[in-house]
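Residue-level structure breakdown
Below are the chains, spelled out letter by letter.
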Amino acid sequence: MADRPYPYRTALITGASSGIGTAMARQLAARGVSLVLVARRERLLRDLAEELRDHHTIEVEALPADLTDTGQTAQVEARLADPARPIELLVNNAGSGASGVFANLPVEGEEATLQLNNQAVVRLSRSVLSRMRTEGRGGILNVSSLTGELPSPSLATYAATKAFLTHFSEDLAIENRGSGIHVTVLLPGLTKTDYFASNGLTPASMPGFFWLEADQVAAAGLKAVAAGTRRCVPGVPYKAATALLPFTPRPLRRALGRYLWHR
């Protein structure tokens, strides 16, 4: 990120306790942005908040919440809607999903994936957009995934939620065109985070050039939403691949999805 002042003075980041969310929190804190950090793992969240307060002259609020729970999601909505403490940038980064054949996975877990990856994003985005439209400025950065661009057997629900999130973000960007509100969808490929590690994907399991660093992905997303870029794909190989996807026949996409996710 460049040295010029970041256009947003306050930000709320979900899924802030690890991976891309933590990287974004650190990068924004270094730019003097005051933060509200949201995550389920309270100890990690409070440790991060303390670290950022110690190293930067900013306000950092830790707001523990499980966004698969509607009551706790409502608490985050209320914080976003607080007119006395406005949030200028909402980062919907929290996400999860189990891997495996859909018929063998507990349905409760799949429902939780829908709640976290989609329903919480819809509710949190709605809670800030009215005020942002009234004020004529603000930003929403939604962390999706290139998984949603291809058929992804063994990640059926997760990939479907990411496809929804990408379309939802692009539609919001169109609806708010010219309003002063930037809506950006970030579509990383394989990234060195807990999510991929927990699903058996590590740098040892795929060629090295496939892998992105969390800091790299975070910086690309934050730069894109500041600039008003609607869609951000970090990494040259992934940019090239996504440029070719619209011209790739559907049967070939299915074959590619089978190859990638049945390795």
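Scroll up to find the structure.
These lines cover the structure that appears in this document, whether it is placed above or below. Once a new chain begins, its residue numbering starts again from 1 and follows that chain's sequence as written. Per-residue local features of the predicted model are confined to residues with pLDDT of at least 70, and side-chain atom pairs are confined, for both listing and counting, to 80 or more; whole-chain, interface and lining totals are unaffected and use all residues. Think of the side-chain values as coming from all heavy atoms in the structure, minus any hydrogens and water.

1. Some thoughts on the overall build of the protein chain
A helix here means a DSSP run of H or I that spans at least four residues, while a strand means a run of E at least two residues long, and both kinds are numbered starting from the N terminus. Looking only at helices and strands, the protein chain has 9 helices and 7 strands in total. When the 263 residues of the protein chain are sorted by exposure, 49% land in the buried category. Two residues qualify as a contact provided that any one of their heavy atoms is within 4.5 Å of a heavy atom in the partner residue. When contacts within the protein chain are restricted to residue pairs at least 6 apart in sequence, long-range pairs at least 24 apart make up 69% of them. Surface exposure of the protein chain reaches about 12500 Å², of which carbon and sulfur atoms provide 55%. Here's how the labels work: a residue is buried when its accessible area is under 20% of the maximum for its type, exposed when over 50%, partly exposed in between, all with a 1.4 Å probe on protein chains only. We get accessible surface area from the Shrake-Rupley algorithm with a probe of 1.4 Å; when it comes to residues, only the shown protein chains can shield them.

2. Considering the side chain of Thr161
Inspection of the secondary structure puts Thr161 in helix α5 (residues 156–175). Overall, the relative accessible area of 1% leaves Thr161 in the buried class. Sequence-distant contacts of Thr161, that is, excluding residues within four places in its chain, are made with Thr113, Leu114, Asn117 and Asn118.

3. So, the nonpolar core
By convention a nonpolar core is built from buried Ala, Val, Leu, Ile, Met, Phe, Trp, Tyr and Cys residues, the set being connected through side-chain atoms within 4.5 Å. If you look at the biggest cluster of nonpolar residues, it comprises 42 residues, and the most contacted ones within it are Ile13, Met24, Leu28, Leu35, Leu37 and Leu89. The residues contacting Leu35, other than those within four sequence positions of it, are Ala11, Ile13, Ala25, Leu28, Ala29, Leu52, Ile58, Glu59, Val60 and Glu61.

4. Remarks on the packing of helix α4 (residues 107–135) against α5
Axis definition: a line fit to C-alpha positions, over the contact stretch in the case of helices; interaxial angles, taken between N-to-C directions, run 0 to 180 degrees. Where α4 meets α5, the closest approach of the two axes is 9 Å, and the angle between their N-to-C directions is 10°. By the criterion of interaxial angle, the relationship of α4 to α5 is roughly parallel. Mapping the contact onto sequence places Glu110, Thr113, Leu114, Asn117, Asn118, Val121, Val122, Ser125, Leu129 and Arg133 in α4 and Thr157, Tyr158, Thr161, Lys162, Phe164, Leu165, Phe168, Leu172 and Glu175 in α5. Residues of the contact of α4 with α5, tallied by class, amount to 9 nonpolar, 6 polar and 4 charged. Any angle that is under 35 degrees is reported as roughly parallel, and any over 145 degrees as roughly antiparallel; angles of 65 to 115 degrees are reported as roughly perpendicular and all others as oblique. In the scheme used here, Gly and all other residues not listed as nonpolar or charged are polar, with Ala, Val, Leu, Ile, Met, Phe, Trp, Tyr, Cys and Pro taken as nonpolar and Asp, Glu, Lys and Arg as charged.

5. Quick notes on the packing of aromatic side chains
Classification of ring pairs uses Phe, Tyr and Trp, with its six-membered ring standing for Trp, and accepts pairs whose centres are within 6.5 Å; under 30 degrees between planes counts as stacked, over 60 as edge-to-face, and the remaining range as tilted. Scanning all chains against the criterion turns up 2 aromatic pairs. Between Tyr6 and Tyr8 the ring centres are 5.9 Å apart and the planes differ by 70°, which places this aromatic pair in the edge-to-face class. On the basis of relative accessibility, which here comes to 4%, the residue Tyr8 falls in the buried class.

6. Some points on the pattern of salt bridges
The salt bridge definition used is simple: a Lys or Arg side-chain nitrogen within 4 Å of an Asp or Glu carboxyl oxygen. Overall, the coordinates contain 12 salt bridges when judged by the stated rule. Glu170 is the salt-bridge partner of Arg231, the closest N and O atoms lying 2.9 Å from each other. Remark: Glu170 occurs in helix α5 and Arg231 occurs in strand β7 (residues 231–232); sequence separation between them is 61 residues. Exposure remark for Arg231: the relative accessible area of 33% places this residue in the partly exposed category. Beyond isolated ion pairs, a larger network of salt bridges with shared partners links Glu61, Arg79, Asp82 and Arg85.

7. So, the pairing of strand β1 (residues 10–14)
A large share of β1 lies buried, amounting to 5 of its 5 residues. By the alternation rule, side chains of β1 split into Thr10, Leu12 and Thr14 and Ala11 and Ile13, which are all buried. In short, DSSP must find at least two bridges between two strands for them to pair. Strand direction decides the pairing type here: β1 and strand β2 (residues 34–39), joined by 5 bridges, are parallel. Note that in β2 the partner of Thr14 across the bridge is Val38. When the strands point away from the viewer and the path from the first strand over the helix to the second turns clockwise, the crossover is right-handed. Where the polypeptide runs from β1 across helix α1 (residues 19–30) and back to β2, its parallel neighbour, the crossover connection is right-handed. Note: β1 against strand β4 (residues 89–92), 3 bridges, orientation parallel. The residue bridging Ile13 from the neighbouring strand is Val91, located in β4.

8. A closer look at the pairing of strand β6 (residues 181–186)
In terms of residue burial, β6 counts as a mostly covered element, since 5 of its 6 residues are buried. One ladder, built from 6 bridges, connects strand β5 (residues 138–143) with β6; its direction is parallel. Across the sheet, residue Asn142 finds its bridge partner in β6, namely Val185. Each parallel crossover has a hand, and for β5 linked through α5 to β6 it is right-handed. Bridge count between β6 and β7: 2 bridges; the pairing is parallel. When the sheet's bridge partners are listed, Val185 is paired in β7 with Arg231.

By themselves, these figures tell us nothing about what the structure is for.
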